[in-house]
Amino acid sequence: MHEDKWIPTICYQCKAECAILARVENGVVKEVKGNPLAKGKMCVKGMAGITTLYSGERLKYPLKRIGERGEGKFERISWDEAMDIMEKKLRELRDRGEMHKFTYSMFPHSSTDPKWRFVNAMGGFITTGLPHCDSAKIMAHLHTFGCFPNHHIAPIYYSVPKGGIMILAGRHPFGCLDDASVARDILNAKERGAKLIVIDPIFRSEAAKADWWIPIKPGGDAAFFLGMCNYLLTNDLYDKNFCDKWVREGDMDKLMEFIKDKTPEAMSPICEVPAQDIIKLAKMCAQAPSVCVDAFKSIMYGNAMDWGHAWSIFLVITGNLDNPGGQPLPEIAPMAPVEPVPPAPSLHELGYHRTGPNRDKFDYYTFILEPTWYAAQAVKEGTLKVFFASECNPALSEMGSSVWREAMTLKDKQGNYLLELFVVTEILPSETMKWADLVLPDQTNFERWELLYMPWWYTYAHTAAICQPVVEPIGESRHANKVMIELGKRLVPEYFAFKDDLEYYDTELAGVGMSLQKMLDNGCVWSPRTAGFYKYESAGKFNTPSGKVELEWRMYKDLGQEWPSPELPVEFKRGEQEYPFILVNFRSTFLNNTGAWSHNNAQLRDPISGRDRNPLVLNPLDAKKLDLVDGDLVTVTSKTAQVRIPVCLSEKIKPGCAGLIHGFGQTMGKIASLGNWIGDNELIADAGSHLDEQDLRGGEAHVATRVKVSK
Ligand code: SF4
């Protein structure tokens, strides 16, 4: 092991995977800093990674449940026993011909993540945290210009030129720090003379740094952008050269017909932004050398597909595809496949667990994965029998958590759990592990080897990174990738004939002319600067069936969804009188996407910064009507739940909205349970209560919920 020096590795306190240097003294990590190869910065969340590594609450040994699910009672077992339990149950499932009833919920770290390989080799089913947030955006951009971004593929902010416009729509990169480069590069771009526009019902730190905060009605983004598109198109302010050359023949005429009544004046009452402001931003965009749009929360409402479609059209007509300061069209690194490659399930089978009245219509989608609510339904239906989870927290952090928790405890007439085995891999205690049959102690980025490559690296123009251990592992912790490789050798050896994880990564790297050693020599990152711009020019086409940008979604014609509707999510239209407030949520630094370990990081949840509390944020105008003062205890009621919490009055939230931090209220672990208040998900019924409307119009998981507030 290395000693007393700065050692290059990768931070994994969030999915940005920054290249860092760790200072190790006598086998202990003392300090971390950004590696100059990644522009020499790291964020406060990354620095708190040392607290996770040395937390007194680290899960150090495999644990087996000894009480009922939900009680959180465990005993220590050996790794051999843990491996035997998993092997036995999966063999049993395979012998019953039910491997399709096995799923693994994870956040893949590469396109060939060994966990993913194991599930494919077994014939199981992968459900990731990734598209819970992003499915509508992914679908919209795929359909329109054939690329595959998620919210981690932010615009390349370091390329935004002077005068460029950066729009954050319902995205809080400064607050939750899910990618330090985003906040840093946005602020640097502002220094260069770019403008930051924040469109959001709640004023967070991004808005504080913005040139203009536009408080919009939640779910009003599609209407807002269609209003801008109308103005640009009807006033000849769009990029005609780009559209003439790259938009599929006939689509511009149809767009002109569709957009003609989506005037800023007509859209204004829907999004509650004055028409003159819609026009003002449209004019600014028409004059700017570049415009980029970055969204997250706003793409999770029940009209998310409409918003994604409207956003895609806006990028096209302003010519902001794959240009400096615009929307990048990333490509995944061409790693060498480790042969034989296990077959992936067919795309339709990815929707196997889907329930609800529209389940047959899911052939319309080509990329569908499942949020928590569907997992709960699948358990009830008997179509999910074995469930593995890494870096996700369905018991707490997703819509439908309460339904999921209940499903975990359902039993048959013989008293056996319907879900036969639930395995959680974690670093620190998570809420979800309370329901686990087996808890496997995972390793931090300071203790493990791992090859990382995903498209969001594009923001650094990096193609791959290698996380190398800088200290000995704590306790008997093992990285989930190694565990799945060992299980693969037991159950599907034909796909795991390589020696170990290092040989697996080395073989993959050979595909790009690299090796583990070369990666280490290069500071753990490989940066061929392949980001590039205008790749469709050199390719002579977009990655769509026609090779052109496809504005009209013809495949949805029989559903009447070939063009985006500007309307708000249907959920907002119901019970408006009885439930006058729209629930909006936001993120804090301790949140790490679906990852659970940072909930229990003392450095990120201190009482001084207030992150152990989660009061309901209300506008003082609304509070006055309800006769509330700051700190009053209120009852918040949605259609399915009721909670009692204090209010925090702030003009930083749009009237008519009620704000809560997302994913709050963990009861496992000393640090997280200090803040055992309520999170937004307790009030959000599930992701499937409006299946008829939501399935084909909305995101996979959405947050469109109305509530009432009473003293
Ligand atoms: S942005 Fe994420 S990966 Fe980078 S330093 Fe911060 S926590 Fe670590």
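Residues numbered from 1 in each chain as written. Predicted model: local features only at pLDDT ≥ 70, side-chain atom pairs only at ≥ 80, totals over all residues.

A. Looking closely at the overall build of the chain. Looking only at helices and strands, the chain has 23 helices and 23 strands in total. Within the chain, the proportion of its 711 residues that are buried is 58%. Here the analysis covers contacts within the chain between residues at least 6 apart in sequence; of these, 73% occur between residues at least 24 apart. (Helix = DSSP H or I, 4+ residues; strand = E, 2+ residues; numbered from the N terminus. Buried ≥ 20, exposed ≤ 12 C-beta atoms within 10 Å, placed from the backbone. Contact = placed C-beta atoms within 7 Å.)

B. Structural context of the environment of Asp251. With respect to the helices, strands and loops of the structure, Asp251 is situated in helix H11 (residues 251-259). The residues contacting Asp251, other than those within four sequence positions of it, are Glu550, Leu551 and Glu552.

C. Structural detail: the sheet that holds strand E2 (residues 19-25). Across the sheet, which stays open at both edges, the three strands sit in the order E1-E2-E3 with antiparallel pairing between neighbours. Edge strands, defined here as strands with exactly one partner in the open sheet, are strand E1 (5-10) and strand E3 (28-34). Strand-to-strand, the axes of this sheet are offset by a mean angle of 35°, without reference to chain direction. The pairing of E2 with E3 spans six bridges and is classified as antiparallel. Bridge assignment links Ile20 to a residue of E3, and that residue is Gly34. (Pairing = 2+ DSSP bridges. Axes fitted to C-alpha atoms, helices over the stretch in contact; angles between N-to-C directions.)

D. Here's a closer look at the nonpolar core. Counting residues in each nonpolar core, the largest one holds 203 residues, and the members touching the most others are Met166, Ile167, Ile197, Phe224, Met228 and Cys229. Non-local contacts of Ile167, meaning those with residues more than four positions away in its chain, are made with Ile197, Ile199, Val291, Cys292 and Val293. Listed in part, the five residues of the second largest apolar core include Ala48, Cys176, Leu591 and Leu604. (Core = buried A, V, L, I, M, F, W, Y, C linked by C-beta atoms within 7 Å.)

E. Local environment of the site of the ligand. Cys11, Cys14, Cys18, Gly46 and Ala180 are the nearest of the 13 residues found near the ligand. Grouping the constituent residues of the shell around the ligand by class yields eight nonpolar, two polar and three charged. (Near = placed C-beta within 6 Å. Nonpolar A, V, L, I, M, F, W, Y, C, P; charged D, E, K, R; others polar.)

That is the geometry; function is a separate question.
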